[in-house]
Amino acid sequence: MCSVSCNNILYWSACGRLHKNAMQKILLVKPNPTAIRQLYTTKISYSHGSVNNMEVQKLSDRLELHTALTRSTTQWPVDPKRVLVLFFPWLGARKKHIQKYCDLYRSTGLDVLVVNSANSDFLWPPNSFKLAKQTTEVLLTKLQRYDHYLLHSMSAGSYNLTVLGIHARDQGLKGQLLDKFRGVVYDSIVVGGGKAGVIKGAGSPDSGNEMPALDRMIKGVARSVSHNWAVEKLIMLVAKMYFFTTKKHTVEFYNKAVDVVRDEPFTVPTLVFASRDDPMCDAAVCQALVEIWRKEKKLPVTLRMWDSSPHAQHLNYHTQEYEAALHEFLSFVFSDKKFSISETKSKL
């Protein structure tokens, strides 16, 4: 078990003079036990505000509820007040960026629960499970008025979404939580082959983008800390050394988690946004994953892949196409077709 605490910096002999703040951001691998006890023994407090015709309630340090103040005139087959979007942004997403996606759903009269990700969730998987527990408790105790959940995750946010699903399955929350899942949107999902890859093997040589999946994940963490090329490379070096020493508690879990994504997906309609030139997503592996879901799992999956579009910026670069695909997907999800979650218990 790794013994690094939140108050300590993990120094490696090979890391040189990496900026202390960057190290603190990337290597918060095991939280202080006292802080965790305080988090779960303190009553959740609410702070209120209004942004872009949405009421914003801060439910915790990681969860924000955005409630639409007006409802769409669109003829919904279900009451939009009973639909909640669970939105998992990318690492380091700013409020103004998150608000763009909340506005997308506000325009259709839907409320959004923002579940913010942190580097420590990825660097130490038990942290992600604590976030999943916190999210589940809020959904079951504070937001039980919602009957339908739409899942929307971006980049590394898909990791926390996956852990939420694993936690819910292992806790036997099929009827209380999983059966409320109606559809899932994966935007800029980080996938690849090789180590921690969805598709096992050396990667995807045909795509010319053969970086192992774990390296893609590390690259995403590094970019969320700094956009400086030298600092990013140094962070990646330190992170690789860290994962080498904590393999049993980190890499082995990632391997199991991606197996769940491939073999035990949410059995609901799925929309995938990706691009062929995204350095954090192997396009060929992404397409192979979609085919597995379609052919082996018999899931209705829509893939929208652009030839060129930056990671986690598809909405900015292809606004009309993105919005059209999302609205079409929503219409399909809330049609008369019914989909149910498999009762199969998670492997983890």
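Just so it is clear, the model here is predicted, and its values are computed rather than measured. (Residues numbered from 1 in each chain as written. Predicted model: local features only at pLDDT ≥ 70, side-chain atom pairs only at ≥ 80, totals over all residues. Heavy atoms only, no water.)

### A closer look at the pattern of salt bridges
Piece 1. All told, the structure shown has 11 salt bridges when counted by the stated rule.
Piece 2. A salt bridge links D121 to R62; the nearest nitrogen and oxygen atoms lie 2.3 Å apart. Remark: R62 occurs in the loop between β2 (54–58) and β3 (63–68) and D121 occurs in helix α4 (residues 119–123); sequence separation between them is 59 residues. For the residue pair D121 and R62, the accessibility class agrees, reading buried in each case.
Piece 3. A salt bridge links E291 to R294; its shortest N-O distance comes to 2.9 Å. Of this pair, E291 and R294 are both found in helix α10 (residues 283–296), 3 residues apart, which corresponds to roughly one turn of the helix.
Piece 4. With relative accessibility at 29%, the residue E291 sits in the partly exposed group.
Piece 5. For R294, a relative accessible area of 31% corresponds to the partly exposed category.
Piece 6. Through salt bridges with shared partners, a single ionic network connects D259, R262 and D263. (Salt bridge = Lys/Arg side-chain N within 4 Å of Asp/Glu carboxyl O. Helix = DSSP H or I, 4+ residues; strand = E, 2+ residues; numbered from the N terminus. Buried < 20%, exposed > 50% of the residue type's maximum accessible area, 1.4 Å probe, protein only.)

### Remarks on the packing of aromatic side chains
Piece 1. Within the structure shown, the criterion is met by 17 aromatic pairs.
Piece 2. When the centroid spacing of 4.9 Å and the interplanar angle of 10° are considered together, the rings of F122 and Y254 count as stacked. Linking F122 in helix α4 with Y254 in helix α9 (residues 251–263), this pair joins segments that are 132 residues apart in sequence.
Piece 3. Residue classification places Y254 among the buried residues on the basis of a relative accessible area of 2%.
Piece 4. Seen in terms of ring centroids, F181 and F266 are 5.4 Å apart; in terms of plane orientation they differ by 80°. Their pairing is edge-to-face. Of this pair, F181 sits in strand β7 (residues 181–187) while F266 is found in the loop between α9 and β8 (270–275), placing the two residues 85 residues apart along the sequence.
Piece 5. Site record: aromatic cluster; members linked through ring pairs are F122, F129, Y159, Y242, F243, F253 and Y254. (Phe/Tyr/Trp six-rings, centres within 6.5 Å; stacked < 30°, edge-to-face > 60°.)

### Some thoughts on unusual backbone geometry
Piece 1. In the Ramachandran plot, S155 falls in the positive-phi region, its phi being about 50° despite a non-glycine side chain.
Piece 2. When you line up the elements, S155 lands in the loop between β6 (148–154) and α6 (157–170).
Piece 3. Judged by relative accessible area, which is 7%, S155 ranks as buried.
Piece 4. Positioned with a positive phi, K298 is a non-glycine residue whose angle comes to about 55°.
Piece 5. Inspection of the secondary structure assignment puts K298 in the loop between α10 and β9 (301–306).

### Quick word on the pairing of β8
Piece 1. Among the 6 residues in β8, 6 count as buried, and that is most of the element.
Piece 2. Judged by which residues are buried, β8 turns out to be covered on both faces: T270, V272 and A274 on one side and L271, F273 and S275 on the other are all buried.
Piece 3. Note: β7 against β8, 4 bridges, orientation parallel. Looking at β8, one finds that D187 is bridged to F273.
Piece 4. Running through α10, the crossover from β8 to the neighbouring parallel element β9 is right-handed. (Pairing = 2+ DSSP bridges. Right-handed = clockwise from strand over helix to strand, strands pointing away.)

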